[in-house]
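Next come the chains, spelled out residue by residue.
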Amino acid sequence: MKTNLNAQKKIKTTYTKDMLIKNIAETSGKNISTVRAIYNELEDVIEKYLSSATPDTDVSIRLFEGITIDSTFIPEKIKVNNLTGKVITTTSKIKPKANITRYYCEKLSACLR
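These numbers come from a predicted model, not from an experiment.

K.L.:
Any chance you could break down the side chain of Ser 71 for me, citing the residues and the numbers?
P.N.:
Here Ser 71 shows up in strand β2 (residues 67-74). Under the relative-accessibility criterion, Ser 71 is labelled buried at 0%. Separated by 2.6 Å, the side chain of Ser 71 and the backbone oxygen of Leu 50 make a polar contact.

K.L.:
Before we move on, can you summarise the sheet that holds β2 with the specific residues and values?
P.N.:
In space, the three strands of this open sheet follow the order β1-β2-β5, with antiparallel pairing throughout. Here the strands that pair on one side only, and so sit at the sheet edges, are β1 (59-64) and β5 (93-100). Across the sheet, the mean angle from the axis of one strand to that of its neighbour is 20°, orientation sign disregarded. Contacts between helix α2 (residues 32-50) and the sheet are confined to β1, β2 and β5, with β1 contributing the most and set at about 155° to the helix.

K.L.:
Help me get a handle on helix α1 (residues 17-28), residues and values and all.
P.N.:
In an α-helix, one full turn covers 3.6 residues, which means residues spaced three or four apart are oriented alike. For α1, spanning twelve residues, the distance from its first C-alpha to its last is 16 Å, which sits close to the expected 16 Å at 1.5 Å a residue. After α1 finishes, the residue Gly 29 shows a positive phi value of roughly 75°.

K.L.:
Break down the packing of α1 against α2 for me, citing the residues and quoting the values.
P.N.:
The geometry of α1 relative to α2 is characterised by a closest axis approach of 9 Å and an angle of 125° between their N-to-C directions. One way to sum up the angle between α1 and α2 is to call them oblique. Handedness of the α1/α2 crossing: right-handed. Across the interface between the two elements, Lys 17, Asp 18, Leu 20, Ile 21, Lys 22, Ile 24 and Ala 25 of α1 pack against Ile 32, Val 35, Arg 36, Tyr 39, Asn 40 and Glu 43 of α2. Looking at the contact of α1 with α2, its residues break down into seven nonpolar, one polar and five charged.

K.L.:
Can you break down α2 residue by residue, with the values?
P.N.:
Taking 1.5 Å per residue, 19 residues should reach 27 Å; α2 reaches 27 Å between its end C-alpha atoms and fits that length. Restricting attention to buried positions, one finds in α2 the residues Val 35, Ile 46 and Leu 50. Taken down its axis, α2 places every buried residue within 35° of arc, on the same side. α2 presents Glu 47 and Lys 48 as exposed residues on the side facing more than 90 degrees away from its buried surface.

The rules behind each value
Residues numbered from 1 in each chain as written. Predicted model: local features only at pLDDT ≥ 70, side-chain atom pairs only at ≥ 80, totals over all residues. Heavy atoms only, no water. Helix = DSSP H or I, 4+ residues; strand = E, 2+ residues; numbered from the N terminus. Buried < 20%, exposed > 50% of the residue type's maximum accessible area, 1.4 Å probe, protein only. Polar contact = N/O pair within 3.5 Å; in protein donor to acceptor, adjacent residues only side chain to side chain. Pairing = 2+ DSSP bridges. Axes fitted to C-alpha atoms, helices over the stretch in contact; angles between N-to-C directions. Contact = heavy atoms within 4.5 Å. Expected span 1.5 Å × (residues − 1). Parallel < 35°, antiparallel > 145°, perpendicular 65-115°, else oblique. Left-handed = near helix turned anticlockwise from the far one by under 90°. Nonpolar A, V, L, I, M, F, W, Y, C, P; charged D, E, K, R; others polar. Arc of directions from axis to C-beta.

In short, shape yes, function no, at least from these values alone.
Okay, here's the thing in structure tokens:
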């Protein structure tokens, strides 16, 4: 297998929470502390809703048009280790999963044209 030594590494841009808050405050004309409070409250509400999944109820949050976050309750299980034969009880947990629709992906790609 040949590798191209002259190939440039791809640059990844990461936008942090503070960068988003500052940008939203600038574009909306709102105070940074107000935007930060709303952002933090949104984060708390999303966490509260996602953690409310039960064995009978899954939770789905439509965060933006085309972006959803789903939460599924995984009950505890009793498993046997194949190598040692030891019985293991896994704890119950909540499994979050983000989903981006094909429409949203196409919408992003359309910005390139």
